[in-house]
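Observations on the model geometry
Next come the chains, spelled out residue by residue.
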Amino acid sequence: AVDPNAAAALASTSGREEGGQQPRVGIIMGSDSDLPTMRAAAEVLRDFGIAAEVTVVSAHRTPDRMLEYARSAHSRGIKVIIAGAGGAAHLPGMVAALTPLPVIGVPVKPAGAHLDGLDALLSIVQMPRGVPVATVAIGNAANAGLLAARILAAHEPALLQRMLEYQEGMRTTVLGKAQRLET
Ligand code: RP5
């Protein structure tokens, strides 16, 4: 099902971002219907000034495209792949099998799903030894973006500083809320 709003949003977040920088994070998803969930990852990365590419790659509907994407990502300069899928969510695991890059899996709960995304969570998290996928909570694409930022920040002092500031911002927000509750 192609939601025209989702398709437009996908187009506006696709391709090269951050002043023509080469994308360093690949955000892929099984369907454009995953975009309302997955766009949070793109937004986090944009806030950290990290260029990302966003596209649809389906393990089941476009297996050849998945092979091509996963095999070539590292030679195109991608450092981390975020892969989201719902239902029988084989995309993150198959991509992890095909790339040497770190892969972060996002279990998506498709609209009207019967199993509340638990099927996707279990499909993504239960990887065999040797083929890791770092799995975030159902629907939590923002955490996938943050984890990708942390992976990149480990070797980049400026990005590490931005992450420290982000964490300090959270701390201040929570303390402010606590203070309001107590008064
Ligand atoms: C999965 O099937 C996708 O990742 C999506 O979550 C789900 C439904 O896809 P559509 O039928 O909406 O395209 O492969």
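Our structure is the block above this text.
Every chain's residues receive numbers from 1 upward, in the order its sequence appears when written. Owing to the predicted nature of the model, reporting of local features is limited to residues with pLDDT of at least 70; listing and counting of side-chain atom pairs is limited to 80 or more, with chain, interface and lining totals taken over all residues.

Some points on the overall build of the protein chain
What the protein chain contains, in helices and strands, is seven helices and five strands. Expressed as a percentage of contacts within the protein chain between residues at least 6 apart in sequence, the contacts between residues at least 24 apart total 71%. Where helices and strands are cited, they refer to DSSP runs of H or I of at least four residues and of E of at least two residues respectively, numbered from the N terminus. A residue pair is marked as a contact if its C-beta atoms, positioned from the backbone, fall within 7 Å.

A look at the site of the ligand
Using a C-beta atom placed from the backbone, a residue is described as near a molecule or strand when that atom lies within 6 Å of it. In the vicinity of the ligand there are 12 residues, among which G30, S31, S33, A85 and G86 approach most closely. Note on residue classes: Ala, Val, Leu, Ile, Met, Phe, Trp, Tyr, Cys and Pro are nonpolar, Asp, Glu, Lys and Arg are charged, and everything else, Gly too, is polar. Looking at the shell around the ligand residue by residue, the classes come out as five nonpolar, six polar and one charged.

Digging into the pairing of strand β3 (residues 80-86)
On a regular strand, each side chain points to the face opposite its neighbour's, so the side chains alternate between the two faces of the sheet. Burial analysis of β3 places seven of its seven residues in the buried class, the great majority of the element. Exposed residues have 12 or fewer other C-beta atoms within 10 Å of their own C-beta, buried residues have 20 or more, and partly exposed residues fall in between, where C-beta atoms are placed from the backbone. Neither face of β3 is left uncovered, since the one carrying V80, I82, G84 and G86 and the one carrying I81, A83 and A85 both have all their residues buried. As defined by bridge partners, strand β1 (residues 25-29) adjoins β3 across five bridges and the pair is classed as parallel. Bridge pairing in β3 links M29 to G84. A pair of strands is treated as paired once DSSP finds two or more bridges between them. Pairing between β3 and strand β4 (residues 103-108): six bridges, direction parallel.

A closer look at the packing of helix α6 (residues 141-153) against helix α7 (residues 157-182)
Working convention: axes come from line fits to C-alpha atoms, limited for helices to the stretch in contact. Angles between N-to-C directions cover 0 to 180 degrees. As a packed pair, α6 and α7 sit with axes 8 Å apart at the nearest point and diverge in direction by 140°. On the basis of the axis angle, α6 is oblique to α7. Along this stretch, α6 crosses α7, giving a crossing that reads as left-handed. Taken together, the residues of α7 that come into contact with α6 (itself represented by A149, R150, L152 and A153) are L159, L160 and M163. Here the contact of α6 with α7 is built from residues that sort into six nonpolar, no polar and one charged. Should an angle fall under 35 degrees it is called roughly parallel, over 145 degrees roughly antiparallel, and 65 to 115 degrees roughly perpendicular, with every other angle called oblique. Handedness of a crossing is defined here by the sense of rotation of the near helix relative to the far one, left-handed for an anticlockwise turn of less than a right angle and right-handed for a clockwise turn.

Let's talk about the pairing of β1
With five of its five residues buried, β1 lies for the most part within the structure. Side chains V25, I27 and M29 of β1 all project onto a buried face; the interleaved residues G26 and I28 project onto the opposite face, where all are buried too. Bridge analysis of β1 against strand β2 (residues 52-56) gives five bridges, and the strand direction is parallel. Looking at β2, one finds that M29 is bridged to V56. Crossovers are described as right-handed under a simple rule: with the strands pointing away from the observer, the path leading from the first strand over the helix to the second runs clockwise. In this view, the connection linking β1 to its parallel neighbour β2 by way of helix α2 (residues 35-47) has right-handed handedness.

Looking at the packing of helix α3 (residues 63-72) against helix α4 (residues 91-98)
Contact pair α3 / α4: the axes reach a minimum separation of 8 Å and the direction vectors enclose 50°. Taken together, the axes of α3 and α4 are oblique relative to one another. The two elements α3 and α4 meet at a crossing, and its hand is right-handed. Note on element contacts: α4 touches α3 through L91, M94, V95 and L98, opposite M66, L67, A70 and R71. Residue composition of the contact of α3 with α4, by class: seven nonpolar, no polar and one charged.

Description of α2
Between its terminal C-alpha atoms α2 stretches 18 Å, which fits the 18 Å expected from 13 residues at 1.5 Å a residue. Among all positions in α2, only L35, T37, M38, R39, A41, A42, V44 and L45 are buried. Of the residues one or two after α2, G49 is the one with positive phi, at around 70°. To estimate the expected span of a helix, subtract one from its residue number and multiply by 1.5 Å.

Re α6
With 13 residues, α6 extends 18 Å from end C-alpha to end C-alpha; this agrees with the ideal 18 Å at 1.5 Å per step. Where α6 is concerned, the buried positions are A141, A144, G145, L146, A148 and A149. Residues of α6 that are buried make contact with β1, α2, β3, β4 and α7.

Details of the nonpolar core
Residues L45, I82 and L91 are the most contacted members of the largest nonpolar core, which totals 46 residues. A per-element tally of this core places α2 first, with six residues. Leave out the neighbours within four places in its chain, and I82 touches V25, I27, A41, I104, V106, A144, G145 and A148. Note on terminology: a nonpolar core is a set of buried residues of type Ala, Val, Leu, Ile, Met, Phe, Trp, Tyr or Cys, with members joined through C-beta atoms within 7 Å.

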